[in-house]
Amino acid sequence: MDDGSVEVLRGAVARETELGNLTSFRHKRTFKKVLLTGLTPGNTMAEQDDSNPEADSKQKDPLESWEDGSAFGVSDDSDPVCETPVEDWIKDLDIESTERVPIPDKLVDQVIGQEAASIVVRKASEQRRHMIMVGEPGTGKSMLARSMTEFLPPEQLEDVLVYRNQEDENEPKVRTVPAGRGSRLIAERRAHVRQQRERTNRTLLFIALVVGAALLLATISSGEILTFIFGSFILVFGYFFLRTRLTAGDESNIPKLLIKHERSDEPPFVDATGSLAGALLGDVRHDPFQSGADLATPAHERVEPGAVHRANKGVLYIDEIRMLRMEEQQALLVAMQERELSISGRSERSSGALTKSEPVPTDFILVAAGNLDSIQNMHPALRSRIRGYGYEVYVNTDMKDTERNRRRLIRFIAQEVRNEMKKDSGKSIPHFDKQAISLVLKEAQRRSGRRGKLSLRLRELGGLVRIAGDLAAEDGSTLTQSKHVVRARAIAKPLEQQVADRYLERQSEYSMLVNEGERVGRVNGLAVLGADTGLSDYSGVVLPVEAMVTPTQGRSGQVIATGGLSDLAKESVTNISAVVKKLTGKDIRDFDLHVQFPGTHNVDGDSASITMATAIISAFEGVPIDQNIAMTGSLTVRGEVLPIGGVSAKIEAAVKSGIKRVVIPRSNMNDVLIDEKYESQVEILAVDSLDEVLEHALVGKEEKVSLVERLAKVIDTISSGTDKQPSA
């Protein structure tokens, strides 16, 4: 490489420093080209990169389409949503399988869809800032935390030694030395003790021989054999006694290597998730022979480091930090603030409780992770410390369905396959062909629950990849094919989906589900299982709702809802009564409204609001409801239908139950992503208000028309604000 190229390299490095290491990936790619080919003097990286965009587009790096963005540091995805169906889009890719997909070297670049968090991770590593990462499980929090060690300098690692304190046995001394030096110090100390012991043994043996020779001469001259035997016994006993006493304290004076590193070691990443107090903060082991001077173990040898000490100069990762008790969080805060923490016995009944070492270094970067409820149970001072001296990040659960993001997911599949190839036991799984890739991408679309999005619950998606790969390996296929992914989807159903399937079977066997004819006060609602389990894959069930209106007998009417309703569901029933009163004009105090969810329990949420409202209005007016229709949606007191979650799973559950029409909120239409086999079997009806729901659900001519018209007028009056409200 000539002098001009060297100068260009220096300029490139200086430019990256000025930009705070937020250089674009395109610059990094050009930087690679400089290293490989060199640049002519006078041509800077900026000129190579920006002077001629057309030429740059023609001479694209073959790996460019797999990179994470046009510029590192841009967290907003400005790429348009890809409208091309996955099965058509995949045909234009210049790959035959995931085997040709390049994988980034750095772990932080392997994380998918978390650009903003990746930026924070890099800066937090450089500036040694603490972090809180909050988000759903399986979105890459631990992977981001582990990647921080790639940006930490390994030359700062230290070995920690614990020495015996001759003045106070219960306060061991602590010393730090550069990495790799601790083992040599102990080896040198052991060699010194061994040499000293050998000299002591030789001296004692020489004295014993001299005394033995003198005793032998005295015995020969006197002829007293018993004196010789008795004297020899005393001599041997004295020799071993003195040797034991003179060398007994040598081993106890050797320091203990508390934290060990080698010069070539990377900065430590310590996962302390679920650790108890001793494992997190260090402990001193109990000594059952504490009262015996010769049998007792010295206090410094019983000192054990905690995760906070082993993470010194590295990263300490704690997931579900809310599981730590307040006193442990307080001690963790002290370790963060002081960057050192003494080790003491954690059990009051142990002899280790008497021991407290000198402070041990705890200069770590804390990455606390969890869900939103984790923040509520954190120690206020601990969170304040992280907010004041670090970052708080909420990780993404989905990303835009762009061409670039689709390539990222393909790269994720390749990463999972290659990770499986590195495992020590079991069969490795084969790479995925184009058709298998397209099915995984469609599954990511479906699991996102929103059109134009891709799911980032990659741990669950990775489970599908691994199961499909296992099936392909079992068949002996060289590539994982679409048939393996289809079978994997059936096998990889979550427990909630399996329960839902069994529930639908039971409804069918016992004729609990009515999907034909017409009835008064009965509606087929839709619900999901798994809404509170943290899973991205909802499981739909059909939820029949029945209503009956009975006159009160000398008392005020009330709304009676059964089926184990949650507080939110009960509140939705109360809100529905307001719509009913406005529509019918009847004094609801003269009637009891009975709402039942047959065969179900623990109904949560308000997505059954329009179902209950339709059943109650049908019961009030005596107008029948078509039983081959199902519905879901939240309802306001003004009669407007609001969006709900899990709409695709609910529609699929209705189709499995033989229902041909499904009513959903119009704002959920973009979220409908059902399997192709179900698309031709169902008609999806989008609605904005309750009168539209009744228009689709009710059966009958005059009664239906009259009721819908009345409700439409009521809703229009409320929405336009012309309805007169009583003054206070």
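Residues numbered from 1 in each chain as written. Predicted model: local features only at pLDDT ≥ 70, side-chain atom pairs only at ≥ 80, totals over all residues. Heavy atoms only, no water.

Chemist: Tell me what's going on with the overall build of the chain, and back it up with residues and numbers.
Modeler: When you go through the chain residue by residue, the secondary structure sums to 26 helices and 25 strands. The burial tally for the chain puts 47% of its 728 residues in the buried class. In the chain, 76% of the contacts between residues at least 6 apart in sequence involve partners at least 24 apart. (Helix = DSSP H or I, 4+ residues; strand = E, 2+ residues; numbered from the N terminus. Buried < 20%, exposed > 50% of the residue type's maximum accessible area, 1.4 Å probe, protein only. Contact = heavy atoms within 4.5 Å.)

Chemist: Talk me through the confidence of the model for the chain; I want residue IDs and the actual numbers.
Modeler: For the chain, per-residue confidence averages 78 on the pLDDT scale, and residues scoring 70 or more make up 79% of the total. This stretch, residues 1–75, has a pLDDT under 50; its non-local contacts, to residues over four places away or in other chains, come to 90 contacts. (pLDDT = per-residue confidence, 0-100.)

Chemist: Hey, could you go over the environment of L257 for me, with residue numbers and the actual values?
Modeler: With respect to the element layout, L257 can be found in strand 4 (residues 256–259). Looking at L257, the relative accessible area reads 21%, which means it is partly exposed.

Chemist: Kindly report on the packing of helix 16 (residues 403–421) against helix 18 (residues 458–475), identifying the contributing residues and their values.
Modeler: Two elements in contact, helix 16 and helix 18, have axes whose closest approach is 10 Å; the angle formed by their N-to-C orientations is 60 degrees. Between helix 16 and helix 18, the angle falls in the class oblique. As helix 16 packs across helix 18, the resulting crossing turns out to be right-handed. Contact residues: L409, F412, I413, E416 and E420 in helix 16; L458, L461, G462, V465 and R466 in helix 18. For the contact of helix 16 with helix 18, a count of residues per class yields 6 nonpolar, 1 polar and 3 charged. (Axes fitted to C-alpha atoms, helices over the stretch in contact; angles between N-to-C directions. Parallel < 35°, antiparallel > 145°, perpendicular 65-115°, else oblique. Left-handed = near helix turned anticlockwise from the far one by under 90°. Nonpolar A, V, L, I, M, F, W, Y, C, P; charged D, E, K, R; others polar.)

Chemist: Talk me through the side chain of S657; I want residue IDs and the actual numbers.
Modeler: Mapped onto the elements, S657 comes out in the loop between helix 23 (647–656) and strand 24 (661–665). Residue classification places S657 among the buried residues on the basis of a relative accessible area of 9%. Side-chain polar atoms of S657 contact the backbone oxygen of A653, separated by 3.1 Å. Setting aside chain neighbours within four positions, we find S657 in contact with L504, L513, N515 and V542. (Polar contact = N/O pair within 3.5 Å; in protein donor to acceptor, adjacent residues only side chain to side chain.)

Chemist: Got a sec to walk through unusual backbone geometry? Specific residues and values, please.
Modeler: Among all residues except glycine, the phi angle is most often negative; among peptide bonds, the trans geometry is most common. One non-glycine residue, R128, adopts positive backbone phi at about 55 degrees. Within the element layout of this structure, R128 appears in the loop between helix 7 (115–127) and strand 1 (130–134). In this structure, E320 takes a positive phi of about 50 degrees despite not being glycine. Here E320 shows up in the loop between strand 8 (315–318) and helix 13 (326–338). Residue E320 is classed as partly exposed on the basis of its relative accessible area, which comes to 24%.

Chemist: Before we move on, can you summarise the pairing of strand 19 (residues 591–596) with the specific residues and values?
Modeler: Pairing of strand 17 (residues 539–551) with strand 19 involves 6 bridges; the strand directions are antiparallel. From the neighbouring strand, A547 faces strand 19, where its bridge partner is V595. (Pairing = 2+ DSSP bridges.)

Chemist: Any chance you could break down the sheet that holds strand 4 for me, citing the residues and the numbers?
Modeler: Taken together, 3 strands build an open sheet; the order of strands is 3-2-4 and the sheet is antiparallel. Both edges of this open sheet fall to strand 3 (173–178) and strand 4, since each of them pairs with a single strand only. Taken over all neighbouring pairs, the strand axes of this sheet differ in orientation by 35 degrees on average, direction set aside. Pairing geometry for strand 2 (residues 158–163) and strand 4, over 3 bridges, is antiparallel. Across the sheet, the residue bridging to V160 is I259, located in strand 4. Relative to the sheet, helix 9 (residues 181–222) contacts strand 2, strand 3 and strand 4, its axis offset from that of strand 2 by approximately 35 degrees.

Chemist: Explain the sheet that holds strand 12 (residues 390–394) to me, using residue names and the numbers behind them.
Modeler: Taken in spatial order, the 5 strands line up as 5-8-11-1-12 in an open sheet, and their pairing is parallel. Among the strands making up the open sheet, the edge pair consists of strand 5 (269–271) and strand 12. Ignoring which end each strand starts from, the neighbouring axes of this sheet average 15 degrees apart. Both strand 5 and strand 8 contribute to a ladder of 3 bridges, which runs parallel. Within strand 8, the position partnered with D271 by the bridge is Y317.

Chemist: Can you tell me about helix 17 (residues 434–448), naming the residues and giving the values?
Modeler: Spanning 15 residues, helix 17 covers 21 Å between terminal C-alpha atoms, matching the ideal 21 Å at 1.5 Å per step. Counting buried positions along helix 17 gives 12 out of 15 residues, so the element sits mostly inside the fold. Of the residues making up helix 17, those classed as buried are K434, A436, I437, S438, V440, L441, E443, A444, Q445, R446, R447 and S448. Summarising the contacts, the buried residues of helix 17 are in contact with helix 5 (86–89), helix 16, strand 14 (453–455), helix 18, helix 19 (482–491) and helix 23. (Expected span 1.5 Å × (residues − 1).)

Chemist: Which residues make up the packing of aromatic side chains, and what are the values?
Modeler: Inspection of the entire model under this criterion finds 2 aromatic pairs. Ring geometry for F591 and F620: centres 5.3 Å apart, planes at 75 degrees, overall edge-to-face. Separated by 29 residues along the polypeptide, F591 in strand 19 and F620 in helix 22 (residues 609–621) bring together distant segments of the chain. Residue classification places F591 among the partly exposed positions, given a relative accessible area of 23%. Looking at F620, the relative accessible area reads 10%, which means it is buried. The ring of F151 has K106 lying over it, and the distance from NZ or CZ to the ring centre is 5.1 Å. Residue placement shows R406 over the ring face of W89; its charged tip is 5.3 Å from the ring centre. (Phe/Tyr/Trp six-rings, centres within 6.5 Å; stacked < 30°, edge-to-face > 60°. Lys NZ or Arg CZ within 6 Å of the ring centre and 35° of its normal.)

Chemist: Account for the pattern of salt bridges, naming residues and giving values.
Modeler: Summed over all chains, the structure comprises 35 salt bridges. The salt bridge involving R466 is made with E416; its shortest N-O contact spans 2.3 Å. Pair noted here: R466 is in helix 18 and E416 is in helix 16, with a separation of 50 residues, a long-range link. The exposure class of R466 is partly exposed, given its relative accessible area of 25%. The partner of D675 in a salt bridge is R489, and the shortest N-O contact between them spans 3.2 Å. With D675 in the loop between strand 24 and helix 24 (676–679) and R489 in helix 19, this pair connects stretches of sequence that are 186 residues apart. A cluster of three or more residues bridged by salt bridges with shared partners is formed by E443, R446, R447, R489 and D675. (Salt bridge = Lys/Arg side-chain N within 4 Å of Asp/Glu carboxyl O.)

Chemist: A description of a nonpolar patch on the surface should follow, citing residues and the corresponding values.
Modeler: Where nonpolar side chains cluster on the molecular surface, the patch consists of F206, I207, V210 and V211 and spans about 370 Å² of accessible area. Along the chain, V211 falls in helix 9. (Patch = residues over 30% accessible without salt bridge, like charges linked within 9 Å, V, L, I, M, F, W, Y side chains within 5 Å. Areas by Shrake-Rupley, 256 points an atom, 1.4 Å probe, with all protein chains shown as cover.)

Chemist: Tell me what's going on with the nonpolar core, and back it up with residues and numbers.
Modeler: Grouped together as the largest cluster of nonpolar side chains are 39 residues, with contacts concentrated most on I616, V663, L690 and V693. Take this core: its biggest share by element is 7 residues, from helix 22. (Core = buried A, V, L, I, M, F, W, Y, C linked by side-chain atoms within 4.5 Å.)

Chemist: Could you give an account of the packing of helix 13 against helix 15 (residues 380–389), naming the residues involved and the relevant values?
Modeler: With their axes 9 Å apart at the nearest point, helix 13 and helix 15 run at an angle of 30 degrees to one another. Judged by the angle between their axes, helix 13 and helix 15 are roughly parallel. As for the relative orientation of helix 13 and helix 15, their crossing is left-handed in sense. Contacts from Q329, L332, L333, M336 and Q337 of helix 13 reach helix 15 at A381, L382, R385 and I386. In the contact of helix 13 with helix 15, the residues fall into 6 nonpolar, 2 polar and 1 charged.

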